[in-house]
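Listed below, chain by chain, are the residues.
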Amino acid sequence: MSILIGRDTRLVVQGITGREGEFHSRAMLEYGTPLVAGMTPGKGGQTALDGRVPVFDTVAEAVRETGANTSCIFVPAAGAPDAVLESVAAGIQTIFCITEGIPALDMISVVEKVRLAGARLIGPNCPGATSPGRAKVGIIPGSIHREGRVGVVSRSGTLTYEAVQAMTDAGLGQSTCVGIGGDPIVGTQHIDILRLFAEDPETDALVLIGEIGGSAEEEAAAWAAEHLPDMPKVAFIAGRTAPEGKRMGHAGAIISGGKGTAASKVAALEAAGFRVAGSPTELPKLLREAGYRG
Amino acid sequence: MSILIGRDTRLVVQGITGREGEFHSRAMLEYGTPLVAGMTPGKGGQTALDGRVPVFDTVAEAVRETGANTSCIFVPAAGAPDAVLESVAAGIQTIFCITEGIPALDMISVVEKVRLAGARLIGPNCPGATSPGRAKVGIIPGSIHREGRVGVVSRSGTLTYEAVQAMTDAGLGQSTCVGIGGDPIVGTQHIDILRLFAEDPETDALVLIGEIGGSAEEEAAAWAAEHLPDMPKVAFIAGRTAPEGKRMGHAGAIISGGKGTAASKVAALEAAGFRVAGSPTELPKLLREAGYRG
Amino acid sequence: MKIHEADAKSLLVAQGLPVPAWAVARTPTQAREAAVQFLADPGNATKKVVIKAQVLVGGRGKAGGVRLAATADEAEDVAAQILALKIKGLPVRRVLVGPAADIVKEYYLSVLLDRATKRLMFIGSAEGGVEIEQVAVENPDAIVYEHADPLLGLPDYAARELAFKVGFGKHWKAGAAIAKGLLRTMIANDADLVEINPLAVIREHNADGTPVERLVCLDAKITLDDSALGRHKGLEELRDLDAEDPADVEARRYDLTFIKLDGDIGCMVNGAGLAMTTMDLVKRAGGEPANFLDIGGGAKADRVAAAMRLILEDRNVKAILVNIFGGITRGDEVARGLVEARAQQERDVPMVVRIVGTNAAEAAEILEEAHFVTAASLDEAAAKAVAAAKGVAS
Amino acid sequence: MKIHEADAKSLLVAQGLPVPAWAVARTPTQAREAAVQFLADPGNATKKVVIKAQVLVGGRGKAGGVRLAATADEAEDVAAQILALKIKGLPVRRVLVGPAADIVKEYYLSVLLDRATKRLMFIGSAEGGVEIEQVAVENPDAIVYEHADPLLGLPDYAARELAFKVGFGKHWKAGAAIAKGLLRTMIANDADLVEINPLAVIREHNADGTPVERLVCLDAKITLDDSALGRHKGLEELRDLDAEDPADVEARRYDLTFIKLDGDIGCMVNGAGLAMTTMDLVKRAGGEPANFLDIGGGAKADRVAAAMRLILEDRNVKAILVNIFGGITRGDEVARGLVEARAQQERDVPMVVRIVGTNAAEAAEILEEAHFVTAASLDEAAAKAVAAAKGVAS
């Protein structure tokens, strides 16, 4: 098993005929992801990726015709919130929004609609997720992964790759790696992913990658302390050297009013039983020290 | 027992210090309704009805301080949709909106919010409900009622009084009488009230009062035929002489495109086992003929 | 409130919707001037104009109220003929003049209040240009439905879905944009219904003479929510007073709901449902109601007097039935209003009065003192009124 | 994006919010002219003016950037002094001049994005005029919170609830209206934060000299969502280029995220989280990062070259660390950009390059051919860069 995506995933890519959408769809298909449909309004009836994927005008049609249950959005920022709503209305249960640069206010009503529908949104501005050996959805390079039993959750993109690469190099495979996105309003937060990992029989250890800003890592840590006391847990927090009041790239990564510092997050994680690494390369060693034998 | 209101009702009146609100609140209190609170912004801390009812600034406060679980709205049309939202947000489960003249579009988001909260809205533009001997909420004159076991549901105001008076005069008491309101968008329709009566052990017979326009009576009839085949059922439909294309007072009462005629409603009700009266005064006789012995 | 096609089109244009140019003419000369302009327009592919009667009833086409003209002379002539028409009893006082469209394909698109779902609903069809009710009977599968979200309106995806389902083909983007525009029009004006029939792909000419297709609103029907008129400046001005009875104007002034009918028994009732019931019982007793009249809740003496004047202005009225079930309305107030009204009325018409409910006893006293004919039940009141209208002593 | 108080007030006024009059002065003479006007205003109960430095950092009061003046001469003098200040390193180029308020009571009210609930949240307090963070620590019960509805915004009832909870007393209607106005301001401009501190009841004089109280926005702070600037005409103009490094302007032009810091090791990274991590590891290895620089996803050669120029413009930079984990970004593209940039650069700074992921092999080949110092791991790269900056051969 795995979380979010796995053997039952049937993926529709919204914006499959765009440059980014096509590039990453090809990579997903080559990774073995069950990419069953693409969607671009006005291109219904055509095919994408050398005839391998049928394209539909609407997600509803893609769902009806192919049984798609998961979507991945590469639509530009102006249309991406609407693309999420379209997936929700079509009954898609797991939605990955890769698009970056979406105005934060646009996402407020969208995440509420997702919540009311009982669906799950990952992102926006996220790299997606990979369940090694089964499927990858989004833009995480497939080559960095290795099948295994460590669950990885992160707010970042390339930092996640760094951490995953370090794990793979050390022989520690992953059950699922999830990048939840760095925007202030995201559909799914660290704690939500931990809840999913807690119920996944194939996840035996946790890697949590966080960064400055907000208090999502602290909340996740508190939850893990209570519900996963015995699972080996390691973490890395980026931004120890970030100055206060400056937005460090991610709209969400800002220390304000003395809140959201790396120090407070590290302290919360350590108090919750996480071993916190000083560099992503130390994560495998810390996992072993935490008792992980996978 | 009874439906919507009864011994457990704890009523807050929104707009209790207005002319209408005060007049009818007094009547409700005199009828024995457990009217526990009033609400008028800016008059929190005062009392209404000769010191008998505390007034609060917000419904939330009224709920917190008095345990109110039912609200009745006498707020003018411009503020009435917001008043419903306030009740919903405060956790009120049963909301009566008496106010008439609310623009229909204003109610669309409001009824959706009510639905999402799992609450129930009666009205707007409705006379309210009475459970004789227990409570009355709204503007139905208390004097026309008699305790009993006939459930009454109606779109109209005074026409309901006429029907109820005829019942009472014939010695047929009521479990609950509900006026659902004559607007095109109302929170609760005939069929919803029938569902409640079906589960009320103290309701043994049904009186359905309808009028031209829409297809709510037809839908209610079909439901009753399936779920209440053995309950004595009578009905009256107003508007047999109404011309097509004219709005007969109620915004909802209009025959258009040959739909919503009295004839089609009468036919549907008769097909569903209702005896349909030619005049409200005939309802008691028809109920007896339908086998009601109450 | 119904408004004219030309006014409806103005509301659409205000929301950025594509509507071909038009002019409104009240005289044949004005129609000629407009025709000259549209006939000279190089974009006009048909080189003709259409002249359409502006009346607030359907079926104007069958009644000869929509005709084409190829020259200015013909336009003037046709306009004169249409302006001389009465359609379903309503005189035509204005015509709309516009370029006659070179229609490639006709669609139907509307948005209205759907009571059952308590949402706004779009209705679309690739079979436009005929009444949608007819399509619904003959070819129901040709109609597609799409509900607006009660909290978000019509998101882009839903507009696209609707456009693909209706089948606008290569005009799907325009179709989706128009659907969104119809909803904006609905909300901006608190309309009950915004209906475009036909919504048509028409062929026009570019400046260089090459043909070009576009999707446009060729006809438009909008009805407005009376309850919301108060919050829209300017919409009340669209009311066509010409098309209304003076009685309607008077009724609005006193907040009465009045609908004139063809019978001879005037009815004055409080409550819409009870007013319809009263009419029904008059008919059942062998009479014909002269009107629907709801004096509303809490009516006071002056409103009662105004209601009485309205009823008596109808010269057909031979008897009056007053039926009041007091709730908010106080019976004694109504009784006093009746006494006052009778004192002022010009002609003597028999009146049957039934007042029950709040303050009924006080009302009975007042009525008795003033020698009104009264009735205990509604059925009795109806019978007495019918008898009175037929000249039988009651 | 941060904007000045005066600009924030203009956005509030555009939404109908009550803000006392003000003027912006760039010179002491302009300040004097404004003061003359406000001192002569009969409504000005204090007969004084306030002069406030317009800088995009907090703490201007403590820095002497907010002062009163009772005469035009004094105003000119005070303005001159403030315009000569540097506050937290930023020169004061403008002052705001307005009537000094006769404050009866100070409140705090703001609306901001609440990540945890994914909704907009109002924060209010009857303890205004001080930093809300301080109130949160010293008297947390004095702060009230109210979330906007994610689909309906702030309905009237919620605005009233907020007003009653904050405790505006007889000014509750004004408080509720202001709360709604703050939300409108937020939405109309895609703001992250709209903060009024103090929101104050002030005493003014009517024309006849009688005192009158009203609730007004005395100070205003608004930050805008950078992702949404593109859809708001005019907001980009509120950017204070004076307060920015030329490097910031250049970074925006190439879609780079660049933040200058105080160290000597320039960093060029793809991805914000990895960029922060790179800085952290530089520090951990004993060095000091000179900047945060995220070249974003899919960066091509020209963006890499621009990033290099930005880094080298900082004369403190003694070594450069390039860390690229290819995903969308192709390693060979970055490598080519580095070769090109080094060919053009004026001064020779040691550079350590680490490229992994997509097309890393091709990148390695290019780098080797161009004799770049490379590193396999991020830790190694950081160590080498720190050593290079210290002049130790790497």
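Anything mentioned here points back to the structure above.
Residues numbered from 1 in each chain as written. Chains lettered and ligands numbered in written order. Predicted model: local features only at pLDDT ≥ 70, side-chain atom pairs only at ≥ 80, totals over all residues. Heavy atoms only, no water.

**Considering unusual backbone geometry**
Part 1 of the reasoning: A cis amide bond links Gly123(B) with the next residue in sequence, Pro124(B), at an omega value of 10°.
Part 2 of the reasoning: Along the chain, Pro124(B) falls in the loop between β7 (120-122) and β8 (128-131).
Part 3 of the reasoning: Along the chain, Asn197(C) connects to Pro198(C) via a cis peptide bond; the corresponding omega equals 5°.
Part 4 of the reasoning: Checked against the element boundaries, Pro198(C) lands in strand β10 (residues 191-205).
Part 5 of the reasoning: At Asn359(C), a residue that is not glycine, the phi angle is positive and equals roughly 60°.
Part 6 of the reasoning: Structurally, Asn359(C) can be placed in the loop between β17 (351-357) and α11 (360-369).
Part 7 of the reasoning: Notably, Asp255(D) is not glycine yet its phi reads approximately 65°, a positive angle.
Part 8 of the reasoning: Note on placement: Asp255(D) falls in the loop between α7 (246-253) and β13 (257-260). (Helix = DSSP H or I, 4+ residues; strand = E, 2+ residues; numbered from the N terminus.)

**Section: the sheet that holds strand β8 (residues 128-131) of chain A**
Residues and elements named next belong to chain A.
Part 1 of the reasoning: In space, the 7 strands of this open sheet follow the order β9-β8-β11-β10-β12-β13-β14, with mixed pairing throughout. Either end of the sheet is taken by a strand with one partner, and the two such strands are β9 (135-138) and β14 (275-276).
Part 2 of the reasoning: Relative to β14, strand β13 (residues 233-238) is paired through 2 bridges, and the arrangement is parallel. Note that in β14 the partner of Val234 across the bridge is Arg275.
Part 3 of the reasoning: Relative to the sheet, helix α6 (residues 190-198) contacts β10 (147-154), β11 (174-179) and β12 (205-211), its axis offset from that of β10 by approximately 160°. (Pairing = 2+ DSSP bridges. Contact = heavy atoms within 4.5 Å. Axes fitted to C-alpha atoms, helices over the stretch in contact; angles between N-to-C directions.)

**Regarding the interface of chain D and chain A**
Part 1 of the reasoning: At the interface, 45 residues of chain D touch 59 residues of chain A.
Part 2 of the reasoning: In total, about 3,900 Å² of surface goes out of reach between chain D and chain A, with carbon and sulfur atoms giving 62% of it.
Part 3 of the reasoning: On the surface where chain D and chain A come into contact, there are 4 salt bridges.
Part 4 of the reasoning: Between Arg231(D) and Asp106(A) there is a salt bridge whose closest N-O contact spans 2.6 Å.
Part 5 of the reasoning: On the surface where chain D and chain A come into contact, there are 14 residue pairs in polar contact (both at pLDDT 80 or more).
Part 6 of the reasoning: In terms of residue count, the dominant contributor to the side of chain D that touches chain A is helix α8 (residues 272-284) of chain D (10 residues).
Part 7 of the reasoning: Looking at the side of chain D that touches chain A residue by residue, the classes come out as 20 nonpolar, 9 polar and 16 charged. (Buried area = accessible area lost by both parts, 1.4 Å probe. Salt bridge = Lys/Arg side-chain N within 4 Å of Asp/Glu carboxyl O. Polar contact = N/O pair within 3.5 Å; in protein donor to acceptor, adjacent residues only side chain to side chain. Nonpolar A, V, L, I, M, F, W, Y, C, P; charged D, E, K, R; others polar.)

**Notes on helix α9 (residues 301-313) of chain D**
Residues and elements named next belong to chain D.
Part 1 of the reasoning: Taking 1.5 Å of rise per residue, 13 residues should cover 18 Å, and α9 covers 19 Å from first to last C-alpha, within 8% of that figure.
Part 2 of the reasoning: The buried fraction of α9 amounts to 10 of the 13 residues, a majority that puts the element mostly inside the structure.
Part 3 of the reasoning: When α9 is considered as a whole, its buried residues turn out to be Ala301, Arg303, Val304, Ala305, Ala306, Ala307, Met308, Leu310, Ile311 and Leu312. (Expected span 1.5 Å × (residues − 1). Buried < 20%, exposed > 50% of the residue type's maximum accessible area, 1.4 Å probe, protein only.)

**Overview of a negative patch on the surface**
Residues and elements named next belong to chain C.
Part 1 of the reasoning: A contiguous patch of negative charge on the surface is contributed by Glu362, Glu365, Glu368 and Glu369.
Part 2 of the reasoning: Tracing the backbone through its elements, the reader meets Glu369 in helix α11.
Part 3 of the reasoning: Assessed through its relative accessible area of 65%, Glu369 is described here as exposed. (Patch = residues over 30% accessible without salt bridge, like charges linked within 9 Å, V, L, I, M, F, W, Y side chains within 5 Å. Areas by Shrake-Rupley, 256 points an atom, 1.4 Å probe, with all protein chains shown as cover. Lys, Arg positive; Asp, Glu negative; His and termini not counted. Charge placed at Lys NZ, Arg CZ, Asp CG, Glu CD.)

**Examining a positive patch on the surface**
Part 1 of the reasoning: Together, Lys246(A), Lys2(D), Lys62(D), Lys88(D) and Lys221(D) give the surface a local cluster of positive charge.
Part 2 of the reasoning: Counting through the fold element by element, Lys88(D) comes out in the loop between β4 (86-87) and β5 (90-91).

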